Every structure is written in C-alpha cells, then in structure tokens.
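# Topology and contacts: notes
So you can see what is in the structure, the chains are spelled out below.
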Amino acid sequence: MRRISVELGSRSYSVLVGSGLLGGLGATLRAEGLKQSDAFVITNADVGGLYYEKVRDELAAAGFRSVVRHDIPASEEGKNWEEFSKTCAAMLAAFPDANAVPLVLLLGGGVVGDLGGFAAAVFRRGVPFVQLPTSLLAAVDSSVGGKVAVNFGGVKNIMGAFSQPRLVVCDLDMLRTLSPREVRSGTAEIIKYGAVCSASLFEQLERGDLEKLLALDADVLTDVVAQCVQLKADVVQQDEHDKLGIRNVLNFGHTIGHAIELSAFNPSIANADERRAAAPSHGESIAIGMIAATHLSRLLGMVDESFEKRLRDLIVRAKLPTSLSDFRAKQPSPIPDHADLFDRIVRAMQMDKKFRDGKNLFVLPTDVGAWAPRENVDWALVHECVHGVLA
Ligand SMILES: NC(=O)c1ccc[n+]([C@@H]2O[C@H](COP(=O)([O-])OP(=O)(O)OC[C@H]3O[C@@H](n4cnc5c(N)ncnc54)[C@H](O)[C@@H]3O)[C@@H](O)[C@H]2O)c1
Ligand SMILES: [Zn+2]
C-alpha cells in the first residue's frame, strides 16, 4: 500500500492507494481517527451493487451502529441540483437528530464524489467525509483536492465548495469492474498530468506503460495512480483555494473540454445507453480539449510541433477521441450541424466559471511537463482550434 499525505494544516489527510484495501476498511477508518458511530454511504446502483455490501459489512465489523445507503444516478446527468437536494433530504431523514454526525462515505466515480462531497460539505455546515474512488479518473484526480460541486444552469461545477475529505481509500481492485471505455477516460487525466506537470510520467507512458495501464497491470497502476495523487497533492498544497493561479494547471484541456462535454450531450435521445454513447465522457472531452488547447499553444508559438505530435500519439494510443466526429456520427438525424455545435461550444465557453471580463483562461503547454496561462487570446484563434476538433 502507498500512502500520500496531502499537507493542508488542520485539513491534512492521507490518500491510501493499493489492492485489497476494502477488506479492513472499518479498521482503517478507526486507525485514521474517524470515530463516528453512524455512516451514510452515497453510491449508485451499479457501483453499490458491486461493493456496497462489502463496505457495509466492514463498517459493521468496526462497530458502526447504523449504515444508510443512498443512490444517485450512474452518470454525469445525475450531477445536478435536484439529485443534490434529494441526497441532502435523505441525509436529514436518516439523521434528524442535530447531535448525530454521520461519517459520509463516497463510493463511486467522480460524479458520486463531487455531488456527495458537496452534500457532506453543506449538511449541518459540514460533516466529515471519506472518498472511496472506484473509477480510474476518480482515483487519480477527483477524489483528491477538495473541490466538490454539481452542474447547474448549464454550467459545469458552478455550485460547489472547497471541502477536503478526511481520508481517501483507493482500492485498485475495484477498478477491475470498470468498462474499457471508463478505463480509457481515466487515462485522459493521467496524460494531462504528464503533459503539463511531469515530463518523467509522460515519458513513462510513452515507453509502454500506457498500454499496461489500459490493461490494469497491478504494478503500473499502483505506481501511476500514486504519482498522479502526489502531483495533485503538490499543486493543491500550494493553492488549495485556486486563488494563486497554480491550481489552474489541472485545468489543461478543460476550458474547451468542459464546453464540449456540455454541448455534445443530446438530451433528446430517449435511450440512456444511446445518449451516453453519442456524447463524450468527461475524460474523452478532456482528451479532445487537450488536442484543441495544444493546437492553440502552437498557433501562439508557445510550443513546438513535436509536442503536439507526441500528445496526439498518446491520446490515440489510449484509444481516446481526438475530435467529436465519431460522436456526431452516433447522433440521431438530424445530426447537429457543425455551425450549430460550434455556436453551442463557444457559448458554453463563455459561461465557464473561469470566464472573466470577456476572456477565457487557457492553460497552454509549453514543453513536456511545462505550461503557461494565457488570458488575452484572440477569439479567431480559439475558433480555429474549436473548428479543428469538430471535424
Ligand atoms: N473534483 C475534482 O477535482 C474533479 C476532477 C476531475 C473530474 N471531476 C469530475 O468527475 C466526473 C467524472 O468522473 P468519472 O469519470 O469517474 O465519472 P462517473 O462518476 O460518471 O463514473 C463513470 C461510470 O463508471 C461507473 N463506475 C464507476 N466505478 C465503477 C466500478 N468500479 N465498476 C464499474 N463501474 C464503475 C459509474 O457508475 C459511471 O457509470 C465529472 O463530473 C468531472 O467534472 C472532478
Ligand atoms: Zn477533469
């Protein structure tokens, strides 16, 4: 097992990464000083169906009196105010006594972690919570750092808070039930860390560990997840509340990526599976967003062609999309035309929470493992890059 410490003074906590950590979870919580006697587990039908009973039994064995389960929908569509409100209502119904402070456990991917973390952050002005990430993306990124939120009014993560977990327990065995598509999505954030935070991680992926990650090779998985958590901890420790510009690095690929994630989603597709197949996931959107941001950096003369090629090669090797074309082909007719989708993406960028004074903030790669922020980017260049990933 690897232990990474996130050093934030009184809000410090550990991230435990390893195989088999769900066994002995209750004892781990106690050993980490979590003494609560009640637990509220937020999960979804899929993940809960696989792991909830194990979690419940571990908690019971460690002396938890009551363990209450609450499910939210199993996708980004459920990361909304209504589900957040239902979650708070369920917590209040389970623990009406003001003296009852449950330990909230977030058993799932980034959606469970973000929505459930936000509910825990505001219920009774904050109750302790523990992240139990079950997706690769949540393991390397969303479970660490204390940004919790839901989407609202067509804007990603616009209602939220900074609230650090008390502990993160990342049992890598749980990743074995992920679909290949979800594993690939997680690698997008890993490529992100390598591209702008760590040349050695980027080169490690290039040398063949990317394929080992996709195959969930236990040693590579442990090593890479721990590296990413350490990279995130380093950033969060310097700029916990995103005030100094340092934390922006984690947003590489996200300015255009978030807009793509929101705009390509088509609520008029009635079948949920078809709806999800026709829109890029968070990780897939970030892959496309990294392609667009890197091209922007090139147009601005901030990075050379070889970086652009190396990044694209990794994204292709991860079987992640480099444009929206495959998703558009899965849309029912009439397929949204290029101009319409383009307008929606640009509008979504202008509603991004980092859009200020008529300008978006772009995190642009300058070399492998290095980046620079840019605010005053000519819209014509941004448009060119967005057009480039629509084709
Ligand atoms: N807070 C942050 O700092 C931060 C950082 C990055 C991303 N995010 C957010 O994270 C979200 C994306 O997270 P995600 O990619 O984990 O999506 P997700 O939570 O929707 O999970 C993806 C899918 O995988 C399923 N799943 C998860 N774990 C599983 C398992 N072990 N076995 C089988 N199925 C499993 C889920 O049920 C879901 O259908 C986005 O909303 C994004 O905005 C937040
Ligand atoms: Zn992300």
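Counting from 1, residues in each chain are numbered in the order their sequence is written. In the order they appear in the text, chains get letters beginning with A and ligands get numbers beginning with 1. Confidence filtering applies because this is a predicted model: local features only for residues at pLDDT of at least 70, side-chain atom pairs given and counted only at 80 or more, and all residues used for totals across whole chains, interfaces and linings. Hydrogens and water are ignored here; the side-chain numbers use all heavy atoms of the structure.

Here we come to the side chain of histidine 254. Runs of H or I in DSSP of at least four residues are treated as helices and runs of E of at least two as strands, each being numbered from the N terminus. Note on placement: histidine 254 falls in helix α9 (residues 254–264). By the criterion applied in these results, polar contacts are pairs of N or O atoms within 3.5 Å in which, for protein atoms, one can donate a hydrogen and the other can accept it, and in which residues neighboring in sequence qualify only through two side-chain atoms. A distance of 3.4 Å separates a polar atom in the side chain of histidine 254 from a polar atom in the side chain of histidine 282. Between two residues, a contact is recorded if the distance between any of their heavy atoms is within 4.5 Å. Sequence-distant contacts of histidine 254, that is, excluding residues within four places in its chain, are made with Glu189, Lys192, His282 and Ile286.

Quick look at the domain arrangement of the protein chain now. A common way to report how large an interface is uses the accessible area buried once the components associate. An automatic or database domain assignment provides the domain bounds reported here. Entries for the protein chain in the domain assignment read domain 1 (2–177) and domain 2 (180–390). Computed over C-alpha atoms only, the centres of domain 1 and domain 2 are separated by 26 Å. Contacts between domain 1 and domain 2 engage 34 residues on the former and 36 residues on the latter. Surface buried jointly by domain 1 and domain 2 totals about 3200 Å² across both partners, of which 63% is contributed by carbon and sulfur atoms. Summed over both partners, the accessible surface that disappears when two parts come together, traced with a 1.4 Å probe, is what is meant by buried area. On the domain 1 side of the contact with domain 2, Leu136, Val140 and Lys156 bury the most area, a combined 20% of that side's loss. Any carboxyl oxygen of Asp or Glu that lies within 4 Å of a side-chain nitrogen of Lys or Arg is treated as forming a salt bridge with it. Linking domain 1 with domain 2 are 6 salt bridges. Residues arginine 11 and glutamate 240 are paired through a salt bridge, measuring 2.7 Å at the closest nitrogen-oxygen approach. For the side of domain 1 that touches domain 2, the secondary structure elements donating two or more residues are β1 (2–6), β2 (13–18), α5 (136–142) and β8 (155–162). Broken down by element, the residue count for the side of domain 1 that touches domain 2 peaks at 6 residues, all from α5. A per-class count over the side of domain 1 that touches domain 2 returns 17 nonpolar, 8 polar and 9 charged. By the convention adopted, Pro, Cys, Tyr, Trp, Phe, Met, Ile, Leu, Val and Ala count as nonpolar, Lys, Arg, Asp and Glu as charged, and the other residues, Gly among them, as polar.

Our next topic: the site of ligand 1. Throughout, the term near means that a residue has one or more heavy atoms lying within 4 Å of the molecule or strand in question. In the vicinity of ligand 1 there are 27 residues, among which Glu76, Thr134, Ser135, Lys156 and Thr177 approach most closely. The set of elements that each furnish at least two residues to the shell around ligand 1 consists of α2 (45–61), α4 (110–122), α5, β8 and α6 (180–196). The class makeup of the residues in the shell around ligand 1 is 8 nonpolar, 9 polar and 10 charged. Two domains each put at least three residues into the shell around ligand 1: domain 1 (2–177) and domain 2 (180–390).

Turning next to the nonpolar core. Across soluble globular proteins, nonpolar side chains have a tendency to be buried as a group. Counting 82 residues, the largest nonpolar core has Val15, Leu136, Ile191, Val225, Leu311, Leu324 and Ile345 as the members making the most contacts within it. A domain-level breakdown of this core finds at least three residues from each of domain 1 (2–177) and domain 2 (180–390). Apart from the residues within four sequence positions on either side, isoleucine 191 is in contact with Phe202, Leu205, Leu210, Met290, Leu311, Leu314, Ile315, Ala318 and Leu320. What we call a nonpolar core is a set of buried Ala, Val, Leu, Ile, Met, Phe, Trp, Tyr and Cys residues that are connected through their side-chain atoms within 4.5 Å. Note on exposure labels: buried denotes an accessible area under 20% of the residue type's maximum, exposed denotes more than 50%, and partly exposed covers the range between, all computed with a 1.4 Å probe on protein chains only.

Further remarks concern the packing of helix α11 (residues 282–299) against helix α12 (residues 305–317). Simply put, an axis is a line fit to the C-alpha atoms, just over the touching stretch for a helix, and the angle between two N-to-C directions goes from 0 to 180 degrees. Between α11 and α12, the least distance of the axes is 10 Å, while the angle of their chain directions is 175°. As summarised for this structure, α11 and α12 are arranged roughly antiparallel, according to the angle between their axes. Contacts from Ala287, Met290, Ile291, Thr294, His295 and Arg298 in α11 reach Glu305, Phe307, Glu308, Leu311, Arg312 and Ile315 in α12. Among the residues forming the contact of α11 with α12, the class breakdown is 6 nonpolar, 2 polar and 4 charged. Should an angle lie under 35 degrees it is considered roughly parallel, over 145 roughly antiparallel, and from 65 to 115 roughly perpendicular; all remaining angles are considered oblique.

With that out of the way, let us pick up the coordination of the zinc ion (ligand 2). When a metal carries six donors in an octahedron, the ideal angles between them are 90 or 180 degrees, while four donors in a tetrahedron ideally lie at 109.5 degrees. Within the first shell, the zinc ion (ligand 2) binds the protein through Glu189 (OE), His254 (NE2) and His282 (NE2), at distances of 2.0 to 2.1 Å. Note on donors: an N, O or S atom is included if it sits within 2.8 Å of the metal, or within 3.2 Å for Na, K and Ca, and water is never included, so sites can look incomplete. Considered as a linear motif, the donors of the zinc ion (ligand 2) on their single chain read E-x64-H-x27-H. With glutamate 189 in helix α6 and histidine 282 in helix α11, this residue pair connects regions lying 93 residues apart in the sequence. Comparing glutamate 189 with histidine 282 shows no difference in burial state: the two are buried.

For two strands to be treated as a pair, DSSP must find no fewer than two bridges joining them. Looking at chain direction, strand β3 (residues 38–43) and strand β4 (residues 66–71) are connected through 6 bridges and run parallel. Paired with aspartate 38 across the bridge in β4 is serine 66. For a crossover, the right-handed case is the one in which the path from the first strand over the helix to the second runs clockwise, viewed with the strands pointing away from the viewer. Between β3 and its parallel partner β4, the chain crosses via α2, and the hand of that crossover is right-handed.

Let us now look at the sheet that holds strand β5 (residues 103–108). An order of β1-β2-β9-β6-β5-β3-β4 is seen for the 7 strands of this open sheet, with the pairing classed as mixed. Of all strands in the sheet, those with a lone pairing partner are β1 and β4, marking the two edges. Across this sheet, the average inter-strand angle for adjacent strands is 15°, counted without regard to direction. Taken strand by strand, α2 contacts β3, β4, β5 and β6 (129–133), and its axis lies near 170° from that of β4.

Moving on: the packing of aromatic side chains. Between rings of Phe, Tyr and Trp, where Trp is taken as its six-membered ring, a pair exists when centres lie within 6.5 Å; planes separated by under 30 degrees are stacked, by over 60 edge-to-face, and by other angles tilted. Counting across every chain of the model gives 6 aromatic pairs. A ring pair is formed by phenylalanine 40 and phenylalanine 95, whose centres lie 6.3 Å apart and whose planes are at 75°; its orientation type is edge-to-face. Of the two residues, phenylalanine 40 sits in strand β3 while phenylalanine 95 sits in the loop between α3 (81–94) and β5, which places them 55 residues apart along the sequence. A residue is classified by how much of its surface remains accessible, and phenylalanine 40, at 0% relative accessible area, is buried. Taken together, a centroid distance of 4.4 Å and an interplanar angle of 15° make the contact between phenylalanine 84 and phenylalanine 118 stacked. Taken as a pair, phenylalanine 84 in helix α3 and phenylalanine 118 in helix α4 lie far apart in primary sequence, 34 residues in all. Overall, phenylalanine 84 belongs to the buried group, its relative accessible area being 6%. Charge-over-ring placement is defined geometrically: NZ (Lys) or CZ (Arg) within 6 Å of the ring centre, and within 35 degrees of the ring normal. Positioned above the aromatic ring of phenylalanine 64, the side-chain terminus of arginine 30 is 4.1 Å from the ring centre. Just above the ring of tyrosine 193 sits the side chain of lysine 192; from NZ or CZ to the centre is 5.1 Å.

Whenever a pair of cysteine sulfur atoms sits within 2.5 Å, that pair is classed as a disulfide. Under the definition given, this model contains 0 disulfides. Unpaired in this structure, cysteine 170 has its nearest cysteine sulfur neighbour in cysteine 228, at a distance of 11 Å. Here cysteine 170 falls in the buried class, since its relative accessible area comes to 1%.

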